[in-house]
Amino acid sequence: MYDAIVIGAGPAGLTAAIYLKRANKNVLVLESKSYGGSIINASKIENYPACPNISGYDLATNLYKQAKELGAVIKFEEVIEINWNKEKKIITNKGEYNTLSLIIATGSTVRKLGFEDKYIGKGVSFCATCDGNFFKGKVVAVIGGGNTAIDDALYLADIAKKVYLIHRRDEFRADKKTIDLLKKKNNIKYVLNSNVVKINGNERVESIDVLSNDKIKTFTIDGLFIAIGQVPNSDIFKHIVKLDEDGYIKGTNNCHTSRTGIFVAGDVRNKKVRQLVTATSDGAIAAIEAINYLNK
Ligand SMILES: Cc1cc2nc3c(=O)[nH]c(=O)nc-3n(C[C@H](O)[C@H](O)[C@H](O)COP(=O)(O)OP(=O)(O)OC[C@H]3O[C@@H](n4cnc5c(N)ncnc54)[C@H](O)[C@@H]3O)c2cc1C
């Protein structure tokens, strides 16, 4: 029997494990892929306080080692089912574990175009706040029509020389207030009713092919920001805790879910800012709340 099981060994889950271990709790972290979560492949991180210019791999490895050295048990197994009745059981593809409390830190997955993998970190990014600064004075394109895409375009307009905002429909889905802000930026160019169909470049992104009105036009760019949505990794929890309309797990600011003894941390929680610093913050809060719950 574990005091706490943490699902997900990303920044939120590993931070939760560190706090739980330091409170002398018996903790198991279950991870379906590799440790580190979404950040593991980021080539350079510039916005995590006190760690300037660290790679995603180094940051993830530091977190993993810290949790392991404190005694957290970390197993690479995918959680496939939760049984939260009298007996609280977490079922994975390899076994079953009993626990007194649960922290869900399964993150979210970015929606992809399907042909960008080769260029991720080489001009393609899914996060303007993370990577925008690498494109100072350059030409970038943002794909998407929702609030995230508009926010990204606004953010990048203050950094880049020119921003193409490419959307497959003829109008944006974002709220009116955000769209109005776009009009104040004279370096954002709209490319509507258009789809990016190809990325060109040898080592890095050099241009994109855009299909509009049955014609292909090539845009020369330095960076491509894809903001066509995120999919929260919450499907297996939908019968256990409440989700919002986009599938994120509803959590209070103290990371409590709708179910006693189950806490949520990181990108899978319904919140506005999804960054490393907010993920680790959630991990700490969820762990402290779980510790208080266990000590009662
Ligand atoms: C390419 C890229 C670059 C980024 N750069 C920056 C940056 O520079 N600065 C910044 O602040 N933020 C950056 N971010 C955002 C940052 O990575 C996330 O906000 C952060 O990783 C969220 O942490 P998390 O622990 O909540 O989720 P994640 O990091 O997504 O970790 C969740 C973990 O849960 C695991 N998991 C999911 N389902 C299951 C299951 N059923 N069973 C077991 N395990 C499961 C996943 O495999 C994953 O390892 C970047 C994101 C990406 C994609």
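About the criteria used
- Residues numbered from 1 in each chain as written.
- Predicted model: local features only at pLDDT ≥ 70, side-chain atom pairs only at ≥ 80, totals over all residues.
- Heavy atoms only, no water.
- Near = heavy atom within 4 Å.
- Helix = DSSP H or I, 4+ residues; strand = E, 2+ residues; numbered from the N terminus.
- Nonpolar A, V, L, I, M, F, W, Y, C, P; charged D, E, K, R; others polar.
- Disulfide = S-S within 2.5 Å.
- Buried < 20%, exposed > 50% of the residue type's maximum accessible area, 1.4 Å probe, protein only.
- Pairing = 2+ DSSP bridges.
- Axes fitted to C-alpha atoms, helices over the stretch in contact; angles between N-to-C directions.

For the rest of this paragraph, the subject is the site of the ligand. Around the ligand, the structure places 31 residues, and the nearest of them are E31, S38, N47, D267 and L276. Counting residues per element, the ones that place at least two in the shell around the ligand are α1 (11–22) and α6 (276–295). Residue composition of the shell around the ligand, grouped by class: 13 nonpolar, 12 polar and six charged.

What we call a disulfide is simply a covalent bond connecting the sulfur atoms of a pair of cysteines. Summed over the entire model, instances satisfying the criterion amount to one disulfide. Here C127 is linked by a disulfide to C130, with a sulfur-sulfur distance of 2.0 Å. Looking along the S-S bond of the C127-C130 disulfide, the torsion reads about 70°, which is the right-handed sense. C127 sits in the buried class, given a relative accessible area of 19%. Taking relative accessible area as the criterion, C130 reaches 24% and is therefore assigned partly exposed. Here C51 is not cross-linked by a disulfide; its sulfur's nearest cysteine counterpart is in C130, at 15 Å. Judged by relative accessible area, which is 23%, C51 ranks as partly exposed. Its sulfur unpaired, C255 is 20 Å from the next cysteine sulfur, which belongs to C130.

The subject of this paragraph is the sheet that holds strand β15 (residues 223–226). As summarised here, the arrangement of the five strands in space is β8-β15-β9-β10-β11, forming an open sheet in which the pairing is parallel. The outermost strands of the open sheet, each flanked by one partner alone, are β8 (124–125) and β11 (188–191). Relative to β11, strand β10 (residues 162–166) runs parallel, the two sharing four bridges. By the bridge assignment for β11, V163 is matched with I188.

Quick look at the sheet that holds strand β14 (residues 215–220) now. Taken in spatial order, the three strands line up as β12-β13-β14 in an open sheet, and their pairing is antiparallel. Lying at the two open borders of the sheet, with one neighbouring strand each, are β12 (194–200) and β14. Averaged over all pairs of adjacent strands, the angle between their axes in this sheet comes to 30°, without regard to strand direction.

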